[in-house]
Each structure stands twice: as C-alpha cells, then as structure tokens.
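# Remarks on the overall topology
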Amino acid sequence: MKDVQSLHTFGVKAYCRDLLILNHLDDLKELAELERQGLPWLVIGEGSNVLFVEDFQGTLVVNRLNGRQLVQHPQGWFIEAASGENWHQLVSWLIDRDVPGLENLALIPGSVGAAPVQNIGAYGAEFSQFCRWVEVWDASCEQFSVLTQAQCQFGYRDSLFKHVPRSSMVITRVGLQLPQAWQPNCQYGPLRELDDTATAQQIFELVCRTRRVKLPDPKQTGNAGSFFKNPIVSEAWLRHYQAQYPQLPFYSQPEGNYKIAAGWLIDQCGLKGYRQNGAGVHSHQALVLINESGTTSGLAIAQLAAHIQQQVHSRFAVTLEPEVLLIGRHGFMQSREKLSNYAKSS
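Residues numbered from 1 in each chain as written. Predicted model: local features only at pLDDT ≥ 70, side-chain atom pairs only at ≥ 80, totals over all residues. Heavy atoms only, no water.

Under the annotation held in an unreviewed UniProt entry, the protein carries the name UDP-N-acetylenolpyruvoylglucosamine reductase and is attributed to Celerinatantimonas yamalensis. Quoted verbatim from the Sequence similarities (unreviewed entry) field of the UniProt record, the comment on the protein reads "Belongs to the MurB family." The Cofactor (unreviewed entry) field of the UniProt record for the protein holds the comment "FAD". (UniProt positions renumbered as here; feature names shortened; annotations may be inferred.)

This part covers unusual backbone geometry. For L107, which is not glycine, the phi dihedral falls at a positive 60°. Positionally, L107 belongs in the loop between α2 (87-96) and α3 (114-118). On the accessibility criterion, L107 (22% relative accessible area) is partly exposed. A positive phi angle, near 55°, is found at N277, a position not held by glycine. Note that N277 resides in the loop between β17 (275-276) and β18 (279-281). (Helix = DSSP H or I, 4+ residues; strand = E, 2+ residues; numbered from the N terminus. Buried < 20%, exposed > 50% of the residue type's maximum accessible area, 1.4 Å probe, protein only.)

Across the sheet, four strands lie side by side as β13-β19-β18-β17; this open sheet has antiparallel pairing. The sheet terminates laterally at β13 (222-226) and β17, the two strands that pair on one side only. Pairing between β13 and strand β19 (residues 288-291): three bridges, direction antiparallel. From the neighbouring strand, N223 faces β19, where its bridge partner is I290. Where helix α7 (residues 298-316) meets the sheet, it contacts β17, β18 and β19, and its direction lies at approximately 35° from that of β18. (Pairing = 2+ DSSP bridges. Contact = heavy atoms within 4.5 Å. Axes fitted to C-alpha atoms, helices over the stretch in contact; angles between N-to-C directions.)

What follows is the structure in structure tokens.
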C-alpha cells in the first residue's frame, strides 16, 4: 500500500494499493492496461477538492501533465494548457503578460484539469465562461476526443465529467478564449470597493488578498476550501425565510431561483468554530471544514459534514450538497447519499 497523505490538501492519513505519476501522455498506456485487466484506478490533480474516507483499493493516478501556450487572435486570446498545470499559476502567468479575464478566479487551488470538472467559480466568474473545449482520453478505447463548451454540460459547480463514468476518462488539455475587449467584473463581494476603472492586476491582487484572509492555508491546516455548494432555492422558500431572517444573503439566478450562502446557513446553526473528533468548522469561514488536529481521519471529517447537513436541513429545509469529492475503497462515491449514511452512524 502507498501512503497518499501528502497528495491531498486535507492531509488525512490514507493509502492506495498502487500509485502512478502521470508525467507524459505515453504514461496513459499503463492506464489502458489497468482498464483491460479490470483493475480500479482514479485520477486526481493536486488533491485540493477530495477527501479520502477509506483507503483506495486501486491505483491512484496523479496528473502532472504540463505545458501551456498563448496565441493572440483578432477574436481574442487563445490559451491551451495541459491538465496537470497549476490553475493559479496559469492565471498569474496570464496577468504577467497583460492578458486579462481570469483574474476573478485567482488563487483557486487545484489543477487545470480539475477546473472543468467542478466548473470552478468565484467572485462572479466561472470557468465555463472562458472554456472553448476540453480534450479527454478514454481508457476503454484508448482514444482522444475534444468536447466543446456545450458538450461539457456546465452547471453550477457541475459538468458532464461528474456524471459520466469517471474511472475511464482522463482530462488531458483545456482550451480557453479570453476577449480582447475586456471589462472589469467587480459586482461581487469585496470587489465592489473597486470601480469600472479597475485594472485586471488590481482585481487579481484584491482577490488573492481576500482569499488569503478568509481561507486557511492547507499547508498549515488541512482543508479543501469550500466543502459545500451554495444551495439554489425557490422564490417561495426565500420569501418564507426572509420573514424570519431579514439579513439572509441571496443572489438572483437567471432561471428565477436564488442562490443562498451555505456558510451563512451553517453559521446560523451555531456551527462556526464547532469541533468534533479532531475535525472542525473554520472559525472565520463556516463553509470550510478543517483537519484541526492534523491527525484526524477522513471518516471524522465526513461525519462532521453529515452533522452539518442534518442541522441545516432541520432548521432551513435545505440539503447542502458537498462540493468536495469523497474517495472510498472502490473510488469516487456519491457524496450526498454517503453523507446520509455517516449521519445515521455518527
């Protein structure tokens, strides 16, 4: 068994049966052989959005594919990046070259290949706004294919890649397009202190400062950033709970529903700073669960998440859905159902 504690940002003690570092496309041949033998395997990037709740009884593939290219075109800037590249380093690299567009997504942890899976987003921007295509390799047929932005079926922290069989597909590259006619996006949170004259560099720096203040450094305290998605609710739900909680924060959605701040819901349940079996809710950001003791198990963190899920549902009739992907002995698990099981056993 191979120790994987250093390969994910929660830093819980966990093991896999075997380990493969994916440095070159030729290494995909080893995955094809595993597929032919019917042996389990799964791919992670920098491990910033996963939680090992059990030891994985298969081969853990760590994506380290690298390479990036920038091309200027009358229609805008075109970027190709290998999936093992660090996302924030890509954003910073573009800012250093006076290529604006991704600054609102600065300092989001993880790899480029994880960005389309989660459809990462922050401060009023989402990956899907800039994605042109995603290249994938299918181990079952050993072929590459390119999916368009529409084919990726992006949604809020969601995509096609969360719903197809994850065991046989590897994201290898992404293609992005950034407009040359850039406009600052300062409509969300602390960015409102800026105005329409803000530069991409100013937005980039403010986003980085804000994230460093709000979120714990995983090198110091194990965490995976926001553990839960912000729930989407109906207008009827909003009006009902606004009568009880006039300060309830919400954000209008195009389809007529509303996004509610999950961290606020957790805080209202008195759980900010709550501790349980070495796992905790961050004292400054209730949406972040932490490996407070540094030695707690993934199971304890999942049980804490289940407790939070129960408390929020009991008070607000909303089921928080995990953004973090849970890894069990057979691979990725269905997070919502598994949390319910932990709640019954905790």
